[in-house]
Amino acid sequence: MLRTFDLVLIGVMTAAAAVTYTIKHRAELKLEEVHRLEAEIKLEKDTIDLLKADWALQSQPNRLERLVNVYNSELQLQPTDSTALAHARELPMLKSEVPPLDIAEAKAGAKPGSAAKAQPVPMPAPRQAEEQEPDEIETGALE
């Protein structure tokens, strides 16, 4: 009986060792994946920092003024008048916000032989209170 019990214990120990090795191997694979992801994140952050630095160099006022002077004859750039700028609330309604036209109403309202009346231009819906102030509109510039 002692030999059977010994064989069972050896089998249990072998199974426990196999399970322990499998768990250890999976943990090592996950650790390698974590290190790989951390390296990718660091690379992305470095790339973002490099692009921010490049943007800062490209958008320097002195450089832009020099380019305007060099290419002024080709581009014929003029300063923008302050009256040419529009606020977001002054822009027309988006196409997705226009209410759909009911075809049955349009047919019933039109008389045969008469010219179709021009549809009124829909006005934009009132903006919600969470809208940004005109001075706080995001321009996409980096800080």
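Definitions and limits used
- Residues numbered from 1 in each chain as written.
- Predicted model: local features only at pLDDT ≥ 70, side-chain atom pairs only at ≥ 80, totals over all residues.
- Heavy atoms only, no water.
- Patch = residues over 30% accessible without salt bridge, like charges linked within 9 Å, V, L, I, M, F, W, Y side chains within 5 Å.
- Areas by Shrake-Rupley, 256 points an atom, 1.4 Å probe, with all protein chains shown as cover.
- Salt bridge = Lys/Arg side-chain N within 4 Å of Asp/Glu carboxyl O.
- Helix = DSSP H or I, 4+ residues; strand = E, 2+ residues; numbered from the N terminus.
- Buried < 20%, exposed > 50% of the residue type's maximum accessible area, 1.4 Å probe, protein only.

K.L.:
Any chance you could break down a nonpolar patch on the surface for me, citing the residues and the numbers?
P.N.:
A contiguous nonpolar surface patch, about 580 Å² in accessible area, is contributed by L64, L67, V68, V70, Y71, L75 and L77. Top contributing element to the nonpolar patch by residue count: helix α2 (residues 61-70), with four residues. Relative to the elements of secondary structure, V70 occurs in helix α2.

K.L.:
Which residues make up the pattern of salt bridges, and what are the values?
P.N.:
The final tally for this structure, using the stated rule, is four salt bridges. Of the charged contacts, one joins K30 and E33 as a salt bridge, the two residues approaching to 4.0 Å between their closest N and O atoms. With K30 and E33 both in helix α1 (residues 2-58), this residue pair falls three residues apart, about one helical turn. Overall, the relative accessible area of 54% leaves K30 in the exposed class. For E33, a relative accessible area of 35% puts it in the partly exposed group. A salt bridge links K42 to D46, with the shortest nitrogen-to-oxygen separation between them at 3.1 Å. Pair noted here: K42 and D46 are both in helix α1, with a separation of four residues, about one helical turn. Classification of K42 by relative accessible area gives exposed; the value is 52%.

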